[in-house]
Amino acid sequence: MEYWLGIDCGGTFIKAGLYDRDGNECGIARQNLAIISPQPGWAERDMNVLWHAMTDVIRQLLARQITPPSHIQGLGISAQGKGLFLLDKQGKPLGNAILSSDQRALAIVKQWQQDGIPQMLYPTTRQTLWTGHPVSLLRWLKVNQAARYQQIGSVLMAHDYLRYRLTDQLGCEETNISESNLYSMAEGGYQPALAQLLGIEEIVSALPPIVGATDIVGTLTQAASDATGLPVGLPVVGGLFDIVSTALCAGLKDQSRLNAVMGTWAVTSGIADQLQSDLEYPFVYGRYAETGQYIVHEASPTSAANLDWFIQQWLGTEARTADYRQINQWIAALPKVSSSLLFVPFLYGSNAKLGMCAGFYGMQSFHQRPHLAQAIYEGVVFSHMTHLNRMRKRFPEVCALRITGGPAQSAQWMQMFSDISGLPVELPQVEETGCLGASLAAMVGTGRFADFREAQQAITPKLTIMPPDPLVTQAYHEKYLRYQALVAALGTLH
């Protein structure tokens, strides 16, 4: 028997999944990842702790399997994009990693916006500017931690760092680094003029070679074998930006479907064959896993992490399966659109205006925890709608929405998403899209499949379909308009 290993490094969990040659899941191991917040708005991760968390989940997974590790043919990593994982000139971690939800560079991004820098960048990069972009964080380091900035030897993102620890080989994977604002989307590759425009020209020499998602970048070293229990010489491929991994597993093939990811980030994605420049809104593009294609997406950190905060603060526990089950029961017991209570899900960032914060509006003494939970469910979907509505202008042929992420297991939340959007919601029955997508990259890289198209044809997950309820769509539409008015009002106050 042959198997492939997929690692998924997200905002709050790291997971390892083992898959056979037909993409069947043979086992999953998970471990929570701590976010370090030494100051308000900062989001960091200890790079050595992350490495040990990955080795732990791999060992946990292997310990549960009868299959010998020697039967594993390849390894891929899918990871959260953006952020900054730095090595010094000796190849050692240079302080904590900075995550994509970090907001320390807010003042820098605001100044760039005032100076018109995003408009200068967009024709080349096809990116907006966000506080968690590598370029924003690098500029912040240059201004605020000059000594650390001068010690930078390599600029990486999460899966680049973990792959480096496994293989001792440096590289920046293309689906991820293409969204760094250091990359020319039309031409492919780094463009030094971009770094110069952003005032970080010194960083160009610290950019590792760009590698493809399915390229075998290196093989497992003896040290990595000792740490993980995997065999020395195991091929390790470039890997994937996690939204690309999810789009692959959601079965996106054409412009009839969009994929919404509900996790720490609210992401809506579609697949395109060409760049478009004649649209009013500057859509974000990235290189897709398939040559010649692009992933187009809208995103903000305004999704299900807001619910985890509610569980921790109002129920007094870390998020557990029992807590999600309880909240779903609360939602099921309440009539749909039964409360005027609104929640703005901006605990970790905003998709309306930089620096805006979260909050409940309309709370009265009779409101109880179920009402708050219902408002969070609705508010998260309303926030997703900001992205979905824009994406439907870019993809006017869309007739259904595929949703992935932990909340896809909540029938109540998924039906709410269908009712609010007016689109049928299709739920691919894949437990861990990040792990499966990473393993597919390893399968293609080691020759199991010729390309991702062949892999998608061979591995087609079952779909659960939830059509919208026309009896409540209008009521949700009216509440959504109230949500939009509230966000606009809060924007003027902010």
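Residues numbered from 1 in each chain as written. Predicted model: local features only at pLDDT ≥ 70, side-chain atom pairs only at ≥ 80, totals over all residues. Heavy atoms only, no water.

Enquirer: What should I look at first to understand the overall build of the protein in this one?
Expert: Looking only at helices and strands, the protein has 17 helices and 22 strands in total. Seen through its principal axes, the protein has C-alpha atoms that stretch 60 × 55 × 45 Å. Taking all 494 residues of the protein together, 59% fall into the buried category. Expressed as a percentage of contacts within the protein between residues at least 6 apart in sequence, the contacts between residues at least 24 apart total 73%. Split by element, the accessible area of the protein, about 19,200 Å² in all, is 51% carbon and sulfur. (Helix = DSSP H or I, 4+ residues; strand = E, 2+ residues; numbered from the N terminus. Buried < 20%, exposed > 50% of the residue type's maximum accessible area, 1.4 Å probe, protein only. Contact = heavy atoms within 4.5 Å. Areas by Shrake-Rupley, 256 points an atom, 1.4 Å probe, with all protein chains shown as cover.)

Enquirer: Sorry if this is basic, but what is going on with the UniProt feature "domain: Carbohydrate kinase FGGY N-terminal" (unreviewed entry) in the protein here?
Expert: What UniProt calls "domain: Carbohydrate kinase FGGY N-terminal" (unreviewed entry) maps, in this numbering, to residues 3–249. Taken as a whole, residues 3–249 contains 35% helix and 23% strand, while its terminal C-alpha atoms sit 18 Å from one another. (UniProt positions renumbered as here; feature names shortened; annotations may be inferred.)

Enquirer: Sorry, what's going on with the pattern of salt bridges here?
Expert: Close approach of charged atoms lets side chains of opposite charge pair. Enumeration according to the criterion identifies 17 salt bridges in this entry. In this structure, Lys-142 engages Glu-202 in a salt bridge whose closest nitrogen and oxygen atoms are separated by 2.8 Å. Note that Lys-142 is positioned in helix H4 (residues 134–144) and Glu-202 in the loop between helix H8 (192–197) and strand S10 (210–211), a separation of 60 residues in sequence. On the basis of relative accessible area, Glu-202 is assigned to the partly exposed category, the value being 40%. Counted as one network, the salt bridges with shared partners bring together Lys-15, Arg-30, Glu-431 and Glu-432. (Salt bridge = Lys/Arg side-chain N within 4 Å of Asp/Glu carboxyl O.)

Enquirer: What am I meant to see in the environment of Gln-111 here?
Expert: In this fold, Gln-111 is placed in helix H2 (residues 106–114). Given a relative accessible area of 40%, Gln-111 falls into the partly exposed group. Distance from Gln-111 to Tyr-281, taken between C-alpha atoms, is 21 Å for residues 170 residues apart in sequence.

Enquirer: Explanation requested: the side chain of Asn-259 in the structure shown.
Expert: Checked against the element boundaries, Asn-259 lands in strand S14 (residues 257–262). Of the residues examined, Asn-259 reaches a relative accessible area of 0% and is grouped as buried. Not counting the four nearest positions on each side in its chain, Asn-259 is found in contact with Thr-246, Ala-247, Ala-250, Leu-252, Val-267, Thr-268, Ser-269, Leu-401, Arg-402, Ile-403 and Thr-404.

Enquirer: I tried to follow the side chain of Arg-126 on my own but got confused; where do I start?
Expert: Within the secondary structure layout, Arg-126 lies in the loop between helix H3 (117–125) and H4. A distance of 2.8 Å separates a polar atom in the side chain of Arg-126 from the backbone oxygen of Gln-276. Look past the residues within four positions of Arg-126 in its chain and what remains in contact with it is Leu-121, Met-185, Leu-275, Gln-276, Ser-277, Phe-283, Val-284 and Tyr-285. (Polar contact = N/O pair within 3.5 Å; in protein donor to acceptor, adjacent residues only side chain to side chain.)

Enquirer: Where do I start with the environment of Asp-22 in this structure?
Expert: Mapped onto the secondary structure, Asp-22 falls in the loop between strand S2 (13–20) and strand S3 (25–32). Take Asp-22: its relative accessible area is 44%, and that puts it in the partly exposed class. In the structure, Asp-22 is positioned 438 residues away from Thr-460 in sequence and 9.9 Å away in space, judged by C-alpha atoms.

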